[in-house]
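Close look at the chain arrangement
Chain by chain, the residues run as shown.
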Amino acid sequence: MQHFLRHARACLAAALVLNILLGLFGALPARAADEDGYDLWLRYRPLPTAQRSALQAAASGIAAPDDTPTVRAAAAELRRGIAGMLGRAPEAIPAVSPMQPRAGTIVLVRASALANPGGLADADALRRELTPLGAEGYLVRRARIKGAPVTLVAANTDMGLLYGTFAWLRQV
């Protein structure tokens, strides 16, 4: 009889442990299904209030003068990332003219178009810095265009602009 009771207790303990494990692990797929691979790789969670204010000032608009599919993708990713970190809709991040940037604009520009944003100090020096970086290289830095403080994402090619966009988003 004692052998039977020990066996019954062991079975009950095993069933209890199994129920606990199934309960714990059964909840995980529901949470994992809420995100796809893109969200897991590039998750743009809302920032704390202090950081959100700083980001809002540093990313008040996006200027992407070249209308190519890759530059549109870079601008869309900026909108998505900024909106996610600020906790608002991507459409609320306005497009801004690169010729009339306002403070806090993120300007995407290829080396070949650096003369176009008039008022950019040291455009020639910036072009010289970009030359050795190759097709996929980029520079991300603060600059002034027509007196307005902006964030400049500059590259030799559209792919470089896309990579620079992701680099800026990682830095935030």
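Residues numbered from 1 in each chain as written. Predicted model: local features only at pLDDT ≥ 70, side-chain atom pairs only at ≥ 80, totals over all residues. Heavy atoms only, no water.

A few points about the overall build of the protein chain
Counting secondary structure elements, the protein chain contains six helices and four strands. In the protein chain, the order of α-helices and β-strands from amino to carboxyl end is α-α-α-β-α-β-α-β-β-α. Counting the 172 residues in the protein chain, one finds 35% classified as buried. Contacts in the protein chain between residues at least 24 apart in sequence constitute 67% of all its contacts with a sequence separation of at least 6. Accessible surface, the protein chain: about 10,000 Å² in total, of which carbon and sulfur atoms supply 61%. (Helix = DSSP H or I, 4+ residues; strand = E, 2+ residues; numbered from the N terminus. Buried < 20%, exposed > 50% of the residue type's maximum accessible area, 1.4 Å probe, protein only. Contact = heavy atoms within 4.5 Å. Areas by Shrake-Rupley, 256 points an atom, 1.4 Å probe, with all protein chains shown as cover.)

Brief notes about unusual backbone geometry
With a phi angle near 50 degrees, Lys146 is a residue other than glycine that sits in the positive phi range. With respect to the helices, strands and loops of the structure, Lys146 is situated in the loop between strand S3 (138-145) and strand S4 (148-155). Its relative accessible area of 47% is what places Lys146 among the partly exposed residues.

Some thoughts on the pairing of S4
A regular strand places its side chains so that they alternate between the two faces of the sheet. The element S4 is largely enclosed, with a buried count of seven among its eight residues. Bridge count between S3 and S4: eight bridges; the pairing is antiparallel. Across the sheet, the residue bridging to Val140 is Val153, located in S4. What sits between S3 and S4 in their antiparallel hairpin is a turn of two residues, with Lys146 showing a positive phi close to 50 degrees. (Pairing = 2+ DSSP bridges.)

Some remarks on the pattern of salt bridges
Inspection of every chain in the model, using the stated rule, returns five salt bridges. With its nearest N and O atoms 2.9 Å apart, the salt bridge here joins Arg110 to Asp158. Of this pair, Arg110 sits in strand S2 (residues 105-110) while Asp158 is found in helix H6 (residues 158-171), placing the two residues 48 residues apart along the sequence. Among the ionic pairs, Arg141 bridges to Glu129, the shortest N-O distance being 2.8 Å. (Salt bridge = Lys/Arg side-chain N within 4 Å of Asp/Glu carboxyl O.)

Points about the nonpolar core
One finds Leu55, Leu78, Ile82, Ile106 and Trp168 to be the most contacted residues of the largest nonpolar core, which totals 21 residues. Apart from the residues lying within four places of it in its own chain, the contact partners of Ile106 are Ala58, Ala59, Gly61, Ile62, Ala63, Leu78, Ile82, Thr151, Val153 and Trp168. By size, the runner-up hydrophobic cluster in this structure holds 17 residues, among which are Leu126, Leu130, Leu152 and Ala154. (Core = buried A, V, L, I, M, F, W, Y, C linked by side-chain atoms within 4.5 Å.)

Looking at the environment of Leu133
Among the structural elements, Leu133 can be located in the loop between helix H5 (123-130) and S3. Distance from Leu133 to Asn156, taken between C-alpha atoms, is 7.9 Å for residues 23 residues apart in sequence. In this view, Leu133 contacts Tyr138, Leu139 and Asn156; residues no more than four positions away in its chain are not counted.

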